[in-house]
Amino acid sequence: MPGLLRGIARTAVVAGTATAVSNRVSRRQAGRWAQQDYEQQGTVAQPPPVAAPPAADDMTARMDQLKQLGELKAQGILTEDEFQEQKRRILG
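Keep in mind the model is a prediction, meaning the values are calculated, not measured.

## Some remarks on the overall build of the protein chain
Part 1: In terms of regular secondary structure, the protein chain is built from three helices and zero strands.
Part 2: The order of α-helices and β-strands along the protein chain, N terminus first, is α-α-α.
Part 3: Each of the 92 residues in the protein chain was classed as buried or not, and the buried ones make up 7%.

This is the structure we're talking about:
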């Protein structure tokens, strides 16, 4: 009987140690990933601004762009301020 208890106790100690080590490794790895995410957020490039209208006076292209802007505003994607700013850019 003492040999059986000793074996059970040894198994419990080994299992407990393995669990503790596994948890610590998981926490350290999660911390490293969080640090990498934090560092990447600071270096993320901003999206490029909307392209300026073409230099040529192509009124149809401008009208198409204005229609697209109106549709985006109607869908709620653009706010009134964003719509007005883009409209000013298109019209010049």
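On we go from here.
## Things to note about the confidence of the model for the protein chain
Part 1: Per-residue pLDDT for the protein chain has a mean of 77; in total, 77% of the residues score no lower than 70.
Part 2: Of all the helices and strands in the protein chain, helix H1 (residues 2-42) carries the lowest mean pLDDT, 76, while helix H3 (residues 80-91) carries the highest, 88.

## Quick notes on a nonpolar patch on the surface
Part 1: A contiguous nonpolar surface patch, about 310 Å² in accessible area, is contributed by Leu 4, Leu 5 and Ile 8.
Part 2: Note that Leu 5 resides in helix H1.
Part 3: Looking at Leu 5, the relative accessible area reads 54%, which means it is exposed.

## A short note on the packing of helix H2 (residues 59-74) against H3
Part 1: Running from amino to carboxyl end, H2 crosses H3 at an angle of 175°, the nearest separation of the two axes being 10 Å. Taken together, the axes of H2 and H3 are roughly antiparallel relative to one another. Judged by residue contacts, Arg 62, Gln 65, Leu 66, Leu 69, Gly 70 and Lys 73 of H2 engage Glu 80, Phe 83, Gln 86, Lys 87, Ile 90 and Leu 91 from H3.
Part 2: Here the residues of the contact of H2 with H3 are counted per class, giving five nonpolar, three polar and four charged.

## Brief notes about H2
Part 1: Helix length check: H2, at 16 residues, gives a terminal C-alpha distance of 22 Å against a target of 22 Å (1.5 Å per residue), a fit within 8%.
Part 2: Just downstream of H2, Gly 76 is the residue with a positive phi angle, here 85°.

## Topic: a positive patch on the surface
Part 1: Taken together, Arg 24, Arg 27, Arg 28 and Arg 32 make up a surface patch of like positive charges.
Part 2: Along the chain, Arg 28 turns up in helix H1.
Part 3: Judged by its relative accessible area of 45%, Arg 28 falls in the partly exposed class.

## Overview of the pattern of salt bridges
Part 1: For the structure on display, the rule yields one salt bridge.
Part 2: One salt bridge in this structure joins Lys 73 and Glu 80, with 2.6 Å as the shortest N-O distance.

Calculation notes
- Residues numbered from 1 in each chain as written.
- Predicted model: local features only at pLDDT ≥ 70, side-chain atom pairs only at ≥ 80, totals over all residues.
- Heavy atoms only, no water.
- Helix = DSSP H or I, 4+ residues; strand = E, 2+ residues; numbered from the N terminus.
- Buried < 20%, exposed > 50% of the residue type's maximum accessible area, 1.4 Å probe, protein only.
- pLDDT = per-residue confidence, 0-100.
- Patch = residues over 30% accessible without salt bridge, like charges linked within 9 Å, V, L, I, M, F, W, Y side chains within 5 Å.
- Areas by Shrake-Rupley, 256 points an atom, 1.4 Å probe, with all protein chains shown as cover.
- Salt bridge = Lys/Arg side-chain N within 4 Å of Asp/Glu carboxyl O.
- Axes fitted to C-alpha atoms, helices over the stretch in contact; angles between N-to-C directions.
- Parallel < 35°, antiparallel > 145°, perpendicular 65-115°, else oblique.
- Contact = heavy atoms within 4.5 Å.
- Nonpolar A, V, L, I, M, F, W, Y, C, P; charged D, E, K, R; others polar.
- Expected span 1.5 Å × (residues − 1).
- Lys, Arg positive; Asp, Glu negative; His and termini not counted.
- Charge placed at Lys NZ, Arg CZ, Asp CG, Glu CD.

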